[in-house]
Structure formats: C-alpha cells, structure tokens
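Summary of the model geometry
One-letter residues, chain by chain:
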Amino acid sequence: MSETTAAVPRWHAAGDWFDTCKCDVPCPCSFAQLPTHGDCDGILAWHIREGRYGDVRLDGLNVLMLASFVGNIWGEHRDTYAAVFVDERADDSQREALQMIFGGQAGSWPAEMASMMGAEMRGMEFAPIEIEVADDLASWRAVVPDRVEASAVALTGPTTPEGARVQSTNLPGAETGPGQVATWGRSTADRADAHGFAWSRAGRSSKHITFDWTGP
C-alpha cells in the first residue's frame, strides 16, 4: 500500500448524477459507442445525498464538471478537457475531501474514471452550485449562476405508463460505475460559458444515474 493510499480514510458517497450533452437521445456513450457526432461536450453534475470522508460529513454537497472529448470515451479518444466547480458551501475539510474523491486520489470508481478519461484540466473553482432532482425523477436541474445551466425532463411517450420512467440497468458505459440505474431524459437547457467551454442548446440527450461509492 502506498503512503498516499494509506493516508486516505474510509469514505462513502451516494446520491444523484446527471448530465446534458450534445448527443442525440439516447447518448451512445452510455452504451460504450462513439458519440453521435464523433465528439461530445456536456455538463456533468453530482449531488451527494449521503456521504462521509473519515469523520467529515459530505451530505448535501454538490460538484459540477464541464467536459469535452473526441472519439469513444470508453476506448480510443483524444482532446479530452475538463473544468470542475466545487460547492462553495463546503468548509476546508469538506473541500479537501471532495477534491480527493472527485480528483481520483481517494480510489474507488472516480479513480478509475479519471484514469480512463485522462482529461487535461482547464480550471477548478469553488462556486455556488444549485442542484434539484425531483423525487419521482420527472426532472433534474443544475445551475452555477451566470456560468452553467443544465436541466432536463424524463422521457415519456404514448406507450409509457403514467408516472413511469424510461430506465436502463447494466449499462456498458455507466458514468457512475457498475450496478446503477439510469433514467433517460431530454434536455430543456444546456448552457455553458466558463473555462473555455461555450455552448447553448436544448432537446438533446440527458440521463440521471444513481451513484454509490466506497473507498479507498
């Protein structure tokens, strides 16, 4: 065991993750395929419903990422860039814990994802992050005021039972790791203007996936 790993306490984080991106519905990346246009960019948001890093509680805190890449994120890809917003409400201990977990240094699934992505970081900052997820998963939304907005409504249609959600299990490319449930949606807002990322669109793919990680 390395000194770095030995210094990481036992931790757990569970909650909501969702994205909005430029792909058609449903996003091929979740099926470990090339994105619709051969490249992708989008907004990724995490809300920790329940979490602890050693003795540091993480309940209710948020993290948001802007990201872009060319190719298959689960296979051969290039030109991968990211920027991260960390919840400004977090105190110093919580900020350190969030950076360790989401930066991959604390192990578990985020470490695997960071290794696979190999993203060049364009920036990291502490900011107000508002995240709302409907209890019935009818909609989800994330906002960094004046910088980022991602919102979506769950897919429905003529053969969807009322109140039911279009969901998938055992996705071959689940961004939150194995064994989680994905709920499919369509974006109503997908806007970014920060750290060199800039787009504004709606009506593209979105999905909500639970996450439940334990480390190191």
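These remarks concern the structure in this document. Counting from 1, residues in each chain are numbered in the order their sequence is written. Side-chain atom pairs in this predicted model are given and counted only at pLDDT of 80 or more, local residue features only at pLDDT of at least 70, and totals for whole chains, interfaces and linings cover all residues. Water and hydrogen atoms play no part in the side-chain values, which are based on all heavy atoms of the structure.

1. Some points on helix H2 (residues 92–102)
- When a residue's accessible area, from a 1.4 Å probe over protein chains only, is under 20% of the maximum for its type it is buried; when over 50% it is exposed; and in between it is partly exposed. Secondary structure elements are taken from DSSP: a helix is a run of H or I of four residues or more, a strand is a run of E of two residues or more, and numbering for both begins at the N terminus. The complete set of buried residues in H2 reads Gln94, Ala97, Leu98, Met100, Ile101 and Phe102.
- Under this definition, polar contacts are N or O atom pairs within 3.5 Å; protein pairs additionally need one hydrogen-donor-capable and one acceptor-capable atom, and for neighbouring residues in sequence, both atoms have to be side-chain atoms. Where H2 begins, one side-chain oxygen reaches toward the backbone nitrogen of Ser93, 3.1 Å away; that side chain belongs to Asp91.

2. A short note on the nonpolar core
- Formed by 41 residues in total, the largest nonpolar core has its most connected members in Trp46, Tyr53 and Leu98.
- Looking at this core, the elements that each hand over two or more residues are strand E1 (11–21), strand E2 (39–53), strand E4 (62–71), strand E5 (77–87), H2, helix H3 (108–117), strand E11 (181–194) and strand E13 (205–215).
- The definition of a nonpolar core used throughout is a set of buried Ala, Val, Leu, Ile, Met, Phe, Trp, Tyr and Cys residues joined through side-chain atoms within 4.5 Å. Membership of the second largest hydrophobic core comes to 23 residues, among which are Phe18, Leu64, Ile131 and Phe197.

3. Side note on empty space enclosed by the protein
- The rule is simple: put a 1 Å grid over the protein atoms alone, call a set of points where a 1.4 Å probe fits but cannot get out a cavity, call an open set with protein on both sides within 12 Å along at least five of seven lines a pocket, and count a residue as lining if it has an atom within 4 Å of a point. Grid points are joined across faces, edges and corners, and a volume is the space filled by probe spheres set on the points. All told, the structure shown has 1 cavity of 30 Å³ or more when counted by the stated rule.
- Each pocket or cavity is described by its volume, and for the largest cavity that value is around 220 Å³.
- Surrounding the largest cavity, 20 residues form its lining, Asp19, Cys40, Leu44, Phe69 and Glu175 being those nearest its centre.
- Counting residues per element, the lining of the largest cavity draws most heavily on E2, at 5 residues.
- Residue polarity follows a fixed list, in which Ala, Val, Leu, Ile, Met, Phe, Trp, Tyr, Cys and Pro are nonpolar, Asp, Glu, Lys and Arg are charged, and the others, Gly among them, are polar. Residue composition of the lining of the largest cavity, grouped by class: 13 nonpolar, 3 polar and 4 charged.

4. Let's talk about the layout of surface pockets
- Volume-wise, the largest pocket comes out at about 430 Å³.
- Every residue lining the largest pocket is counted, 23 residues in all, and those nearest its centre are Met65, Val84, Phe102, Gly103 and Ala114.
- Counting only elements with at least two residues in the lining of the largest pocket, the list comes to E2, E4, E5, H2, H3 and strand E6 (120–127).
- Per-element tally for the lining of the largest pocket: the top contributor is H3, with 5 residues.
- Split into classes, the residues belonging to the lining of the largest pocket amount to 19 nonpolar, 3 polar and 1 charged.

5. Some details on the pattern of salt bridges
- The term salt bridge refers to a side-chain nitrogen of Lys or Arg lying within 4 Å of a carboxyl oxygen of Asp or Glu. Applying the stated criterion across every chain yields a total of 14 salt bridges.
- Among the ionic pairs, Asp19 bridges to Lys207, the shortest N-O distance being 2.6 Å. Here the residue Asp19 occupies a position in strand E1, and Lys207 occupies one in strand E13, the gap between them amounting to 188 residues. You'll find Asp19 and Lys207 in the same group, each marked buried.
- Residue Arg141 is joined to Glu132 by a salt bridge in which the shortest nitrogen-to-oxygen separation is 3.9 Å.
- Using a relative accessible area of 47% as the deciding quantity, one classes Glu132 as partly exposed.
- Three or more residues joined by partner-sharing salt bridges are found here, namely Glu132, Arg141, Glu149 and Arg191.

6. Quick word on the packing of aromatic side chains
- Aromatic pairing here means that ring centres of Phe, Tyr or Trp (its six-membered ring) are within 6.5 Å. Orientation follows from the plane angle: under 30 degrees is stacked, over 60 is edge-to-face, and everything else is tilted. Inspection of every chain in the model, using the stated rule, returns 6 aromatic pairs.
- Here a set of aromatic residues connected by ring pairs shows up, and it is made of Trp46, Phe102, Phe211 and Trp213.
- By the criterion adopted, a ring carries a charge over it if an Arg CZ or a Lys NZ lies within 6 Å of its centre and within 35 degrees of its normal. Over the aromatic face of Tyr81 sits the side chain of Arg122, whose NZ or CZ is 4.5 Å from the ring centroid.

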